[in-house]
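Here is what each chain is made of, one letter per residue.
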Amino acid sequence: MTSPSDSREIRPVRAADAPRLAGLLAQLGYPSDAGAVTRRLATILDSAAQQVFVAADGARIDGYVGVERRPALLHQDEHAEITGLVVDAAARRAGLGRTLVRAAEQWAARQGLPAIVVRSNVVRPASHPFYEGLGYLRTSTSHSYFKDLTAGGGRRRWAAGP
């Protein structure tokens, strides 16, 4: 799949993409070294319930979207959830985010999932009209809590969610 605005290809992530993904995650406020991203990516690549798509132009990665199946017992049936979306600062405002979200939606539809959800932190106000412009409806607001379960974890802070 190619982005309508340029020659970038939208394709499934590869293990070799980890170093560039680390740079994109830092732009979103989640600094991670390439080794950590490589380990996390290995788990995702082995999962049939998760997919990451990248916007690639040769070796350059200008954005990514993560999506996964979410089984649910409470108020909704199994659905897809966008777990991350980042477009490089130099590539924003050209339709790439929209193209990546469309790739996630198409993946969810191929999985037979009836709906897709995305959560967007209040600290990212620019993303809210973006998702609404794509037809997403705001359904709730919530707080996110973190508890470190490692020995001596103390009150270490986890990065705020997307």
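Presented here is a report on the structure given in the accompanying data block. These figures come from a predicted structure and were not determined experimentally. (Residues numbered from 1 in each chain as written. Predicted model: local features only at pLDDT ≥ 70, side-chain atom pairs only at ≥ 80, totals over all residues. Heavy atoms only, no water.)

Looking at the pairing of strand 2 (residues 50-57)
A large share of strand 2 lies buried, amounting to 6 of its 8 residues. Sheet topology places strand 1 (residues 9-12) next to strand 2; 4 bridges connect them, and they run antiparallel. Residue pairing in the sheet places arginine 11 in a bridge with valine 54 of strand 2. With 8 bridges joining them, strand 2 and strand 3 (residues 60-70) adopt antiparallel strand pairing. (Buried < 20%, exposed > 50% of the residue type's maximum accessible area, 1.4 Å probe, protein only. Helix = DSSP H or I, 4+ residues; strand = E, 2+ residues; numbered from the N terminus. Pairing = 2+ DSSP bridges.)

Points about the pairing of strand 3
The element strand 3 is largely enclosed, with a buried count of 8 among its 11 residues. Counting the residues between successive antiparallel strands, the hairpin from strand 2 to strand 3 contains 2 residues, one of them, glycine 58, with a positive phi of roughly 65°. Relative to strand 4 (residues 79-87), strand 3 runs antiparallel, the two being bridged by 8 bridges. Looking at strand 4, one finds that valine 67 is bridged to isoleucine 82.

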